[in-house]
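Each chain is listed here by its residues.
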Amino acid sequence: MKKLLIAVLTVITSLSSFAQNSDADYQKAYKLKLEFNYKEAFPLFQVLLKSDSSNVNYLQCASYLYSKYGFLYTPDADKMKYYKTAEYLALKAIKLKETSADAHFSYAMALGRINENASSKQKIANAKLIKTEVDRAIALNPRLAGAYHILGRWNRTIAGFNGVEKIMINSFFGGVPPGGSYDDAVKAFMTAISIEPKYMNHQYELAETYHEMGKNADAKVWAENVLKITPSNADDTKAKTDAETLLKKLK
């Protein structure tokens, strides 16, 4: 009986120690994610996910990082594999916790990345789903800047569809989905900027939107605003390069 009690206590102690270590590892990985340090956060979340593949926090963060890491650091031939993994993980997180704003946001992000290399038909087929997921994420967390960023890109994409694509929209949706205008894109990016004023990519995407609208004076102002911020992560570095390229077009 005494040996059994010792064995039980040993197991309990081991489980407690494992939980504490996992929590500490998660806090470390999550901090790196918040700092946009994708290179270091990504492998940590991969390890965490292997330790517990039903943890919603691990799933939604890993999904987000598969999209980000795949976009920024992997060869073109491998990107779709990362985006598909991001889609799978986000869907699993949503199934486990439908009220997770981050899970819906990560799903929308994965679909958006998949659409970058998709046919027009697939882009349009996914468009309604992306909008649904972004709207759900914002409803659950109105301060989720990334969701507004995706909403801005969604509106700009729909607004910029060509004639053939608009015909296909009518086939899939019976008309253009609610929103889908450049003005809606501007509003979404402005909201993202108000929440994360130092995140350079929000401002670059707003500049790009104004450029597509033909409002090049506004585009120049926002592209120049990007260059006033000191880059602090890979997203910022890319946004700075993109803003510099846009300014050269505007001269």
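Further up the page is the structure itself.
Residues numbered from 1 in each chain as written. Predicted model: local features only at pLDDT ≥ 70, side-chain atom pairs only at ≥ 80, totals over all residues. Heavy atoms only, no water.

Peer 1: Can you walk me through the environment of Lys79 in this structure?
Peer 2: Mapped onto the elements, Lys79 comes out in helix H4 (residues 76–96). Judged by relative accessible area, which is 12%, Lys79 ranks as buried. As a C-alpha pair, Lys79 and Tyr66 span 13 residues in sequence and 9.2 Å in three-dimensional space. With residues up to four places along the chain from it excluded, the contact list for Lys79 reads Gly70, Phe71, Leu72 and Thr74. A polar atom in the side chain of Lys79 sits 2.9 Å from the backbone oxygen of Gly70. (Helix = DSSP H or I, 4+ residues; strand = E, 2+ residues; numbered from the N terminus. Buried < 20%, exposed > 50% of the residue type's maximum accessible area, 1.4 Å probe, protein only. Contact = heavy atoms within 4.5 Å. Polar contact = N/O pair within 3.5 Å; in protein donor to acceptor, adjacent residues only side chain to side chain.)

Peer 1: What is the right way to read the pattern of salt bridges from this model?
Peer 2: Evaluation of the coordinates by the stated rule reveals eleven salt bridges. The network of salt bridges with shared partners includes Arg113, Glu116, Arg153, Arg156, Glu205 and Glu212. (Salt bridge = Lys/Arg side-chain N within 4 Å of Asp/Glu carboxyl O.)

Peer 1: Just to check I follow, could you spell out the side chain of Ser106 for this structure?
Peer 2: Structurally, the position occupied by Ser106 is in helix H5 (residues 101–115). Apart from the residues within four sequence positions on either side, Ser106 is in contact with Gln60, Ser63, Tyr64 and Ala90.

Peer 1: I'm lost on the nonpolar core in this one. Help?
Peer 2: When a protein is soluble and globular, its nonpolar side chains tend to lie buried together. Counting 51 residues, the largest nonpolar core has Phe45, Leu65, Phe105, Ile130, Val134, Ala147 and Ile150 as its most contacted members. Those elements that provide at least two residues to this core are helix H1 (2–34), helix H2 (38–51), helix H3 (56–73), H4, H5, helix H6 (120–140), helix H7 (145–159) and helix H9 (182–195). Once you skip the residues sitting within four places of it in the chain, Leu65 turns out to touch Tyr38, Ala41, Phe42, Phe45 and Gly70. Counting residues in hydrophobic clusters, the runner-up holds 18 residues, among them Ala185, Val186, Ala219 and Ala223. (Core = buried A, V, L, I, M, F, W, Y, C linked by side-chain atoms within 4.5 Å.)

Peer 1: Help me understand the side chain of Thr74, please; the structure alone is not making it clear to me.
Peer 2: Note that Thr74 resides in the loop between H3 and H4. A residue is classified by how much of its surface remains accessible, and Thr74, at 9% relative accessible area, is buried. For Thr74, the side chain forms a polar contact with the main-chain oxygen of Gly70, separated by 2.4 Å. Filtering out sequence-adjacent residues up to four positions away, Thr74 remains in contact with Tyr69, Lys79 and Tyr82.

Peer 1: Whenever I open this one, the packing of H4 against H5 confuses me. Can you help?
Peer 2: At a minimum axis distance of 8 Å, the contact between H4 and H5 shows a crossing angle of 155°. Here H4 is positioned roughly antiparallel relative to H5, judged by the angle of their axes. For the pair H4 and H5, the crossing hand works out as left-handed. Where H4 approaches H5, its residues Met80, Tyr83, Lys84, Ala86, Glu87, Ala90, Leu91, Ala93 and Ile94 are matched on the opposing element by Ala103, His104, Ser106, Tyr107, Ala110, Leu111, Arg113 and Ile114. Residues that form the contact of H4 with H5 fall into these classes: twelve nonpolar, two polar and three charged. (Axes fitted to C-alpha atoms, helices over the stretch in contact; angles between N-to-C directions. Parallel < 35°, antiparallel > 145°, perpendicular 65-115°, else oblique. Left-handed = near helix turned anticlockwise from the far one by under 90°. Nonpolar A, V, L, I, M, F, W, Y, C, P; charged D, E, K, R; others polar.)

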